[in-house]
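Working through the structure, step by step
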Amino acid sequence: MLVKYRDSFQKIVMGLLSFIPGLKDIDRINHELEWYAATDDRNLYLQKNEDGDFIGLVGVEKQDKYLMIHHLAFIPQQQTKENENQIFNSLANYYPDLQMMGTIETTPALARWEKEKNE
């Protein structure tokens with residue numbers, strides 16, 4: 001289940017973002033949080049597992065006909081294809097009129113999901 005970011009989740013989000021290569025520095029992570037907060041077209045969502053624990057996050061930006069997937073991160077033991085697919089399925093339900101696109105970093109996971117969805 002995806003939960004929209006709130007300020008009370010800041011430490012959790014910062015921890016999850018730190019698992020992304022290139023986002024190890026606290027200043028860089030704060031910059032990313034500010035970037036998402038700068039406009040309503042950008043959102044961070046946290047993924048909860050069936051026990052109610054946060055296990056991952058996805059950062060998105062709405063653009064005309066597209067939903068750009070900027071960040072996708074999980075705690076290491078939860079980095080699975082099934083968890084990635086759950087996030088993408090939830091996003092497809094939240095934004096049914098938008099085509100999802102990925103960055104260089106997120107495209108491989110998105111492509112795996114699209115391939116499975118179309119099989």
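Higher on the page you've got the structure.
The text that follows walks through the structure, step by step, so that each part is easy to find. (Residues numbered from 1 in each chain as written. Predicted model: local features only at pLDDT ≥ 70, side-chain atom pairs only at ≥ 80, totals over all residues. Heavy atoms only, no water.)

A look at the environment of P21
Rules: Going along the chain from the N terminus, every DSSP run of H or I of four or more residues is numbered as a helix, and every run of E of two or more is numbered as a strand. Residue burial is assigned from relative accessible area. The probe radius is 1.4 Å, only protein chains are included, and a residue is buried under 20% of its type maximum, exposed over 50%, and partly exposed in between.
Mapped onto the elements, P21 comes out in the loop between helix 1 (10-17) and helix 2 (26-37). Judged by its relative accessible area of 70%, P21 is exposed. Sequence separation between P21 and E105 is 84 residues, and the spatial gap between their C-alpha atoms is 9.6 Å.

Some words on the packing of aromatic side chains
Here is the rule we go by: Two rings from Phe, Tyr or Trp (for Trp, the six-membered ring) form a pair when their centres are within 6.5 Å of each other. A pair whose planes differ by under 30 degrees is stacked, one over 60 is edge-to-face, and the rest are tilted. Here, over-ring charges are defined by two tests on the NZ atom of lysine or the CZ atom of arginine: distance to the ring centre within 6 Å, and angle to the ring normal within 35 degrees.
Summed over the entire model, instances satisfying the criterion amount to 4 aromatic pairs. Here Y45 and Y94 contribute two aromatic rings whose centre-to-centre distance is 5.8 Å and whose plane-to-plane angle is 50°, an arrangement assigned as tilted. Note that Y45 is positioned in strand 2 (residues 42-48) and Y94 in helix 3 (residues 81-94), a separation of 49 residues in sequence. Residue classification places Y45 among the buried positions, given a relative accessible area of 7%. The lysine or arginine in question, R42, covers the ring of W35, its NZ or CZ lying 3.9 Å from the ring centre.

Notes on the pattern of salt bridges
To keep things clear, this is the line we draw: A pairing counts as a salt bridge when a side-chain nitrogen of Lys or Arg comes within 4 Å of a carboxyl oxygen of Asp or Glu.
Going through the model one piece at a time under the given rule, you end up with 4 salt bridges. The closest approach of N and O atoms between E116 and K81, which form a salt bridge, is 3.0 Å. Here E116, found in helix 4 (residues 107-118), pairs with K81, found in helix 3; they are 35 residues apart in sequence, far enough to count as distant. Residue classification places K81 among the partly exposed residues on the basis of a relative accessible area of 38%. One salt bridge in this structure joins R112 and E84, with 3.0 Å as the shortest N-O distance. With R112 in helix 4 and E84 in helix 3, the pair connects residues that are 28 residues apart, well separated along the chain.

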